[in-house]
Amino acid sequence: MKLTKNIGLIIALALIIGTIAILEFKKSNDPPVLSEKIAISTNTSGRDLTTKQSLYPAAVELVSPDGYHNINNITLQENIGKKIIIIDFWTYSCINCQRTLPYLNAWHEKYSDDGLLIIGVHTPEFAFEKDYANVQRAIEKYGVKYPVVQDNDYQIWRSYRNQYWPHKYLIDIDGYIVYHHIGEGGYQETESKIQELLQERKQVLNLNKTVEHDLVSTIQNPNFGRIGTPELYFGYKFERGQLGNTQKWKPEKQVQYVLPESREANSFYLSGTWFNHPDSMELVDKSGTIHLTYTAKTINIVAGSQEPTTLTLLLDGKEYRTVTIKDFDLYTLVNESEYGTHDIEIRAAKGLMAYTFTFG
């Protein structure tokens, strides 16, 4: 009996050890994460980097880019020890990303000769943002001059464990991520950190350069405290209970939506027949409408159409303007001088694909 127990114990221990070995092997084949460092700068000039190693993660290489803009190829490894690097995760129809681009453009123009390298990582939120030509058109539209890599399959996104657009990671001369910022804002703090790291670079490389201490002028930003409506998504993949019709979402179905007698603010309502795509609603009737009561100064829609189509907008019951939709992009529908609560009715024609409402 005792021998049988011992044999059972040995078998159990063997199974545990084997399971651990399998898990370790699986872990070693997972995508790289921030704890898996690329080679850091060898130009340490006798400095002790122990403190940095204990405080900051090392940068992760750009994993399997799906395309390049403004450059033929680029890696972090070739620039560690030479440049200060900003990795900026963005996607072109994101209004928050669009509002940060003027700062990134200004920093590129101001500091690129002093050793700052900005790399935009374009990770798409919607399927149309994977298209190389669409991304290139956006880069030209917003005057982006620094390198941009496409991350269509989220390889770089996952390697940084990223969850947000936009999200900036600031990498120092030694290859460590010493600062990051999520979303809009924090521009002065970020620029001050850029200047600090450029100063460190100057000392490490023994350069006779003057690092500027003035900051880029603040560009007008929304008063987020006055915006009372969150981003609203049309696609069922992003479903957050924001579609007010009783018919709700029906994945991969064509649904005839009917306006209810009463409507609530901050939910959108449809009329007409729409097809439910994962990331959008497509109007398949000859005509249809979208209704929304929102609180903001500006309302935008991410939308597109295979053929040009015109939206007629009614604001608070009065005809407001028309907007022509074709390219898959963000369009500003209303931009009032003051914040307030408004009812908008959008009269649309067959072919419109609506993705999201954003506000400013």
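Because the structure is a prediction, the values reported are computed rather than measured.

### A word on the overall build of the protein
Across its full length, the protein holds six helices and 15 strands. Taking all 360 residues of the protein together, 50% fall into the buried category. Surface accessibility of the protein: about 17700 Å² in total, with carbon and sulfur atoms responsible for 52%.

### Focus on the nonpolar core
Counting residues in each nonpolar core, the largest one holds 43 residues, and the members touching the most others are Ile 86, Trp 107, Leu 116 and Ile 194. Every element with two or more residues in this core is listed here: strand 2 (84–90), helix 3 (95–111), strand 3 (116–122), helix 4 (132–141), strand 6 (177–182), helix 6 (187–204) and strand 15 (353–359). Of all the elements, helix 3 adds the most residues to this core, at seven residues. Not counting the four nearest positions on each side in its chain, Ile 86 is found in contact with Leu 104, Trp 107, Leu 116, Leu 117, Ile 118, Ile 119, Lys 168, Tyr 169, Leu 170 and Ile 194. With 35 residues, the next largest nonpolar core counts Ile 227, Trp 249, Phe 268 and Leu 333 among its residues.

### Quick notes on the side chain of His 277
Here His 277 is to be found in the loop between strand 9 (268–276) and strand 10 (281–283). One polar contact links His 277 to Glu 282, side chain to side chain, over a distance of 2.8 Å. If we skip the residues at most four places from it in the chain, His 277 touches Gly 235, Tyr 236, Glu 252, Glu 282 and Met 353.

### Things to note about the sheet that holds strand 6
The six strands are arranged 1-4-3-2-5-6 in an open sheet whose pairing can be described as mixed. A strand with exactly one partner marks an edge of an open sheet, and here the two such strands are strand 1 (67–69) and strand 6. Adjacent strand axes in the sheet meet at a mean angle of 20° when their direction is disregarded. Its contacts with the sheet put helix 6 on strand 2, strand 3, strand 5 (167–171) and strand 6, and the angle it makes with strand 6 is roughly 165°.

### With respect to the pairing of strand 3
In terms of burial, strand 3 is a largely internal element, seven of the seven residues being buried. With burial as the criterion, each face of strand 3 is covered, one bearing Leu 116, Ile 118, Gly 120 and His 122 and the other bearing Leu 117, Ile 119 and Val 121. Pairing of strand 2 with strand 3 involves seven bridges; the strand directions are parallel. Opposite Ile 85, over in strand 3, you have Leu 117 as the bridge partner. A crossover links strand 2 with its parallel partner strand 3, the connecting element being helix 3, and its sense is right-handed. Assessed by its sense of winding, the connection that carries the chain from strand 3 through helix 4 to strand 4 (residues 148–150) is right-handed.

### Thoughts on the confidence of the model for the protein
The predicted model of the protein averages 89 in pLDDT, with 87% of residues at 70 or higher. Below a pLDDT of 50 lies the segment residues 1–36, which in the model reaches 14 contacts outside its immediate sequence neighbourhood of four places, other chains included.

### A few points about the pattern of salt bridges
For the structure on display, the rule yields 11 salt bridges. A salt bridge links Arg 99 to Glu 184, with the nearest nitrogen and oxygen atoms 2.9 Å apart. One end of the pair, Arg 99, is in helix 3; the other, Glu 184, is in the loop between strand 6 and helix 6, and 85 residues separate them in sequence. Arg 99 gets classed as buried once you look at its relative accessible area, which sits at 16%. A residue is classified by how much of its surface remains accessible, and Glu 184, at 14% relative accessible area, is buried. One salt bridge connects Glu 196 with Lys 193, and the closest N-O pair in it is separated by 3.1 Å. Of this pair, Glu 196 and Lys 193 both sit in helix 6, three residues apart, which is roughly one turn of that helix. Of the residues examined, Lys 193 reaches a relative accessible area of 18% and is grouped as buried.

### Quick word on the packing of helix 3 against helix 6
Helix 6 packs onto helix 3 with a crossing angle of 25° between their chain directions and a minimal axis gap of 12 Å. Taken together, the axes of helix 3 and helix 6 are roughly parallel relative to one another. Handedness of the crossing formed by helix 3 with helix 6: right-handed. Where helix 3 abuts helix 6, its residues Arg 99, Thr 100, Tyr 103, Trp 107, Lys 110 and Tyr 111 lie against Tyr 187, Thr 190, Glu 191, Ile 194, Gln 195 and Leu 198.

### Details of helix 3
Between its first and last C-alpha, helix 3 extends 25 Å over 17 residues, near the 24 Å set by a 1.5 Å rise per residue. Taking the largest bend as the criterion, helix 3 deviates by roughly 30°, centred on Leu 101, and proline Pro 102 comes between one and four positions later. Along helix 3, the positions that sit buried rather than exposed are Ile 95, Cys 97, Gln 98, Arg 99, Thr 100, Leu 101, Tyr 103, Leu 104, Asn 105, Trp 107, Lys 110 and Tyr 111.

### Thoughts on the side chain of Asn 162
Relative to the helices and strands, Asn 162 resides in the loop between helix 5 (155–159) and strand 5. Among the polar contacts made by the side chain of Asn 162, one reaches the side chain of His 167 at a distance of 2.6 Å. Excluding anything up to four places from it in sequence, Asn 162 contacts Phe 89, Trp 157, His 167 and Tyr 169.

### Thoughts on helix 6
Here helix 6 is 18 residues long and its end C-alpha atoms lie 26 Å apart, about the 26 Å a rise of 1.5 Å per residue gives. Among all positions in helix 6, only Tyr 187, Thr 190, Glu 191, Lys 193, Ile 194, Gln 195, Leu 197, Leu 198, Glu 200, Arg 201 and Val 204 are buried. Tucked into the core, helix 6 has its buried residues touching helix 2 (50–55), strand 2, helix 3, strand 3, strand 5 and strand 6. Once helix 6 ends, the next one or two residues include Asn 206, with phi positive near 55°.

Cut-offs and rules
Residues numbered from 1 in each chain as written. Predicted model: local features only at pLDDT ≥ 70, side-chain atom pairs only at ≥ 80, totals over all residues. Heavy atoms only, no water. Helix = DSSP H or I, 4+ residues; strand = E, 2+ residues; numbered from the N terminus. Buried < 20%, exposed > 50% of the residue type's maximum accessible area, 1.4 Å probe, protein only. Areas by Shrake-Rupley, 256 points an atom, 1.4 Å probe, with all protein chains shown as cover. Core = buried A, V, L, I, M, F, W, Y, C linked by side-chain atoms within 4.5 Å. Contact = heavy atoms within 4.5 Å. Polar contact = N/O pair within 3.5 Å; in protein donor to acceptor, adjacent residues only side chain to side chain. Pairing = 2+ DSSP bridges. Axes fitted to C-alpha atoms, helices over the stretch in contact; angles between N-to-C directions. Right-handed = clockwise from strand over helix to strand, strands pointing away. pLDDT = per-residue confidence, 0-100. Salt bridge = Lys/Arg side-chain N within 4 Å of Asp/Glu carboxyl O. Parallel < 35°, antiparallel > 145°, perpendicular 65-115°, else oblique. Left-handed = near helix turned anticlockwise from the far one by under 90°. Expected span 1.5 Å × (residues − 1). Bend = angle between axes of the 7 residues up to and from the residue.

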